[in-house]
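A structural walkthrough
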Amino acid sequence: MLSQISSSTDKSVFLPFKKKILLVEDEVLFAKAVVKRLQKAGFECEHAESLHDARLLVKQFEPDMALLDMRLPDGNGLDLLSDFVAKNINTIVMTAFGDVTDAVNAIKMGAIDYLKKPIDLEELLLIIQKNEKTTDLQTSLDYSRQRDTIVNESVQLIGESAAMQSVRQQITRIAQLSSLSDAVQPTVLITGETGTGKDVVARYLHASCANHDKPFVHVDCASLPAELIESELFGHEKGAFTNAVASRPGLIESAEDGTLFLDEIGELPLGLQAKLLNVLERRMVRRLGSTKERPVQARIIAATNRDLYQMSSEGRFRSDLYYRLNVITMQMPPLRDRGQDVLLLANYFRQMTEKRYALPHHEFSVAALMAIQGYHWPGNVREMRHQISRAVLMCTQAMISEHDLGLPQLAAVNANTSSMQGEAQVTLDGAEKAMLLNALEQSRNNVSKAARLLGITRMTMRYRMDKHGISV
């Protein structure tokens, strides 16, 4: 499908002239969101769903830049990349999470950057802006500050459970330490299962400290391609390797005066662990191909879902690096141990999805709330975010049902109750009353707060309280 989108103006982005961007992406819903954000920023956009359509549009549209998905219905995006490079079209490739082989090959072929899906639209916009400029250190720092100003303005630590209260207290203490002097800040190690929100805590910690206006640089050690990881972290000089056509600062340098977040630190290759340890110990970094060391001052936060102590005893992680990282440790609880936080998070993600895609207000049915609270959430907060977002996007009614959620355990539950509709209704009424009472207890009988906790309006809360004879 070929579609031309007119553009509007976004005061947050200043363009000397209207840039043309070609989006090659077969996921229509995602493509519409990207086009909407780009046109708001003042870009002129065309969208193609296949290699064939993209080749036609390149001749007609003559884009300045391309956003290229690697997996398309009629072939691999790499087949198109060589055409883009030959025509001097700056290309950013997009690849599925965990599949970075194509991204590595794309960089070697001339792509200017790559992103892993799911993609944050604000991050995408700033990467486009970054690649319109030169690649000196000051530009890198400016980009990092812009990107993370947007991210940190909206970062929130959702939850009122005892475990999350403990996390907040630790963050407050660390923030107090950061304001005591100009001395090097202690490193922080955040542990916990995959999807528990370790990256959110890192951003929240950065936003809570005195240098919150400085860069926050997120390094995903698990997804950086082996062929690029050293250059990405430490930077390189011109001519350091075959495709090094210009000097480039690494991510460590880009975190100057701010925060360097080393996510999934347990996946960092042993060969680079010694080099990272030297940075932590001496606060100096040396780019590939250079004999000069550069000082770098940044708070270091690391995160892992692995047992680094066990890995170090087995020789799979340097023990000296482990002890250097493990100065202050914060343990993130799994979602299943956070009680009523589950409902708070579900409603937060519902509201965020509605706001992001300009959708009307939804509410969860009582059965949906029961399913959310009863589900084990093995993927933790990350799984919930994706499940709730999907349900909101795909729901065509005002009420989100348990079926819209698509949680795996519901099929078995429905099968067991399909022949007991009358009994199920009684159980549902009882569960609804229990949830109302629980929400009122959590909110200390504040009806408005209880309604927000359950994701319903105050009027609906009052109606259901009257229905069950509940008064406060």
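Residues numbered from 1 in each chain as written. Predicted model: local features only at pLDDT ≥ 70, side-chain atom pairs only at ≥ 80, totals over all residues. Heavy atoms only, no water.

This next bit is on the nonpolar core. If you look at the biggest cluster of nonpolar residues, it comprises 51 residues, and the most contacted ones within it are Phe84, Leu262 and Ile265. Looking at this core element by element, the count peaks at five residues for helix H11 (residues 270–282). Ranked by size, the runner-up nonpolar core spans 37 residues in total, among them Phe349, Met384, Leu440 and Ala451. (Core = buried A, V, L, I, M, F, W, Y, C linked by side-chain atoms within 4.5 Å. Buried < 20%, exposed > 50% of the residue type's maximum accessible area, 1.4 Å probe, protein only. Helix = DSSP H or I, 4+ residues; strand = E, 2+ residues; numbered from the N terminus.)

On to the sheet that holds strand E14 (residues 299–304). Strand order in the open sheet made by the five strands is E10-E11-E14-E9-E15, with parallel pairing throughout. Either end of the sheet is taken by a strand with one partner, and the two such strands are strand E10 (216–220) and strand E15 (328–331). Neighbouring strand axes in the sheet, compared pairwise and without regard to direction, differ in orientation by 20° on average. As defined by bridge partners, strand E9 (residues 188–191) adjoins E15 across four bridges and the pair is classed as parallel. (Pairing = 2+ DSSP bridges. Axes fitted to C-alpha atoms, helices over the stretch in contact; angles between N-to-C directions.)

The backbone of Glu62 shows a phi angle near 50°, a positive value even though the residue is not glycine. Mapped onto the elements of the fold, Glu62 is located in the loop between helix H2 (51–61) and strand E4 (65–69). At Asn445, a position not held by glycine, the phi torsion is positive, near 65°. Topologically, Asn445 is positioned in the loop between helix H19 (421–442) and helix H20 (447–454).

Turning next to empty space enclosed by the protein. The final tally for this structure, using the stated rule, is three cavities of 30 Å³ or more. Broken down by secondary-structure element, the contributors of at least two residues to the lining of the largest cavity are helix H15 (366–374) and H19. If you tally residues by element for the lining of the largest cavity, the top one is H19, at three residues. Along the lines of polarity and charge, the residues of the lining of the largest cavity split into six nonpolar, no polar and two charged. Lining the second largest cavity, in full, are Ile252, Leu260, Val279, Leu280, Arg283, Val296, Ala298 and Ile300. (1 Å grid on protein atoms, 1.4 Å probe; cavity = no way out; pocket = protein on both sides within 12 Å on 5 of 7 lines; lining within 4 Å. Points joined across faces, edges and corners; volume = space filled by probe spheres on them. Nonpolar A, V, L, I, M, F, W, Y, C, P; charged D, E, K, R; others polar.)

Summarising the element assignment, Thr353 is placed in helix H14 (residues 341–356). Apart from the residues within four sequence positions on either side, Thr353 is in contact with Leu359, Ser389, Val392 and Leu393. (Contact = heavy atoms within 4.5 Å.)

Another point: the pattern of salt bridges. For the structure on display, the rule yields 16 salt bridges. Residue Arg282 is joined to Glu293 by a salt bridge in which the shortest nitrogen-to-oxygen separation is 2.9 Å. You can see Arg282 sitting in helix H11 and its partner Glu293 sitting in strand E13 (residues 293–295), a full eleven residues away along the chain. Residues joined in a network through salt bridges with shared partners are Glu237, Glu253, Arg287 and Arg294. (Salt bridge = Lys/Arg side-chain N within 4 Å of Asp/Glu carboxyl O.)

In terms of residue burial, E14 counts as a mostly covered element, since six of its six residues are buried. Side chains Arg299, Ile301 and Ala303 of E14 all project onto a buried face; the interleaved residues Ile300, Ala302 and Thr304 project onto the opposite face, where all are buried too. In terms of strand pairing, E9 meets E14 through four bridges, oriented parallel. When the sheet's bridge partners are listed, Val188 is paired in E14 with Ile301. As paired elements, strand E11 (residues 259–263) and E14 share four bridges and run parallel to each other. For Phe261, the partnering residue across the bridge sits in E14 and is Ile301.

With their axes 7 Å apart at the nearest point, H14 and H20 run at an angle of 75° to one another. Classified by the interaxial angle, the pair formed by H14 and H20 is roughly perpendicular. Contact with H14, carried on its side by Leu343, Leu344 and Asn347, involves Arg452, Leu453 and Leu454 of H20 and no other residues of that element. Residues belonging to the contact of H14 with H20 are distributed by class as follows: four nonpolar, one polar and one charged. (Parallel < 35°, antiparallel > 145°, perpendicular 65-115°, else oblique.)

With that settled, the discussion passes to the packing of H14 against helix H16 (residues 380–394). Relative to each other, H14 and H16 sit at 50°, their axes nearing to 9 Å. What the angle tells us is that H14 and H16 run oblique. Crossing of H14 over H16 shows right-handed handedness. Where H14 approaches H16, its residues Val342, Leu345, Ala346, Phe349, Arg350, Thr353 and Glu354 are matched on the opposing element by Val381, Met384, Arg385, Ile388, Ser389, Val392 and Leu393. When its residues are assigned to classes, the contact of H14 with H16 shows nine nonpolar, two polar and three charged. (Left-handed = near helix turned anticlockwise from the far one by under 90°.)

Moving on, we come to helix H1 (residues 28–40). Compared with an ideal rise of 1.5 Å per residue, which puts 13 residues at 18 Å, H1 spans 18 Å between its outermost C-alpha atoms and is within 8% of the ideal. With its phi angle positive at about 100°, Gly42 sits one or two positions after the end of H1. (Expected span 1.5 Å × (residues − 1).)

Burial within strand E3 (residues 44–48) is extensive, with four of its five residues counted as buried. Bridge count for strand E2 (residues 20–24) against E3 is five bridges, and the pairing is parallel. Paired with Ile21 across the two strands is Cys45, which belongs to E3. Where the polypeptide runs from E2 across H1 and back to E3, its parallel neighbour, the crossover connection is right-handed. (Right-handed = clockwise from strand over helix to strand, strands pointing away.)

If you trace the backbone, Lys467 turns up in helix H21 (residues 458–467). Taking relative accessible area as the criterion, Lys467 reaches 47% and is therefore assigned partly exposed. In the structure, Lys467 is positioned 34 residues away from Lys433 in sequence and 9.1 Å away in space, judged by C-alpha atoms.

Between its first and last C-alpha, H14 extends 22 Å over 16 residues, near the 22 Å set by a 1.5 Å rise per residue. Asp341, Val342, Leu343, Leu345, Ala346, Asn347, Tyr348, Phe349, Arg350, Thr353 and Glu354 are the residues of H14 that are buried. Residue Ala358 follows H14 closely and has a positive phi angle near 55°.

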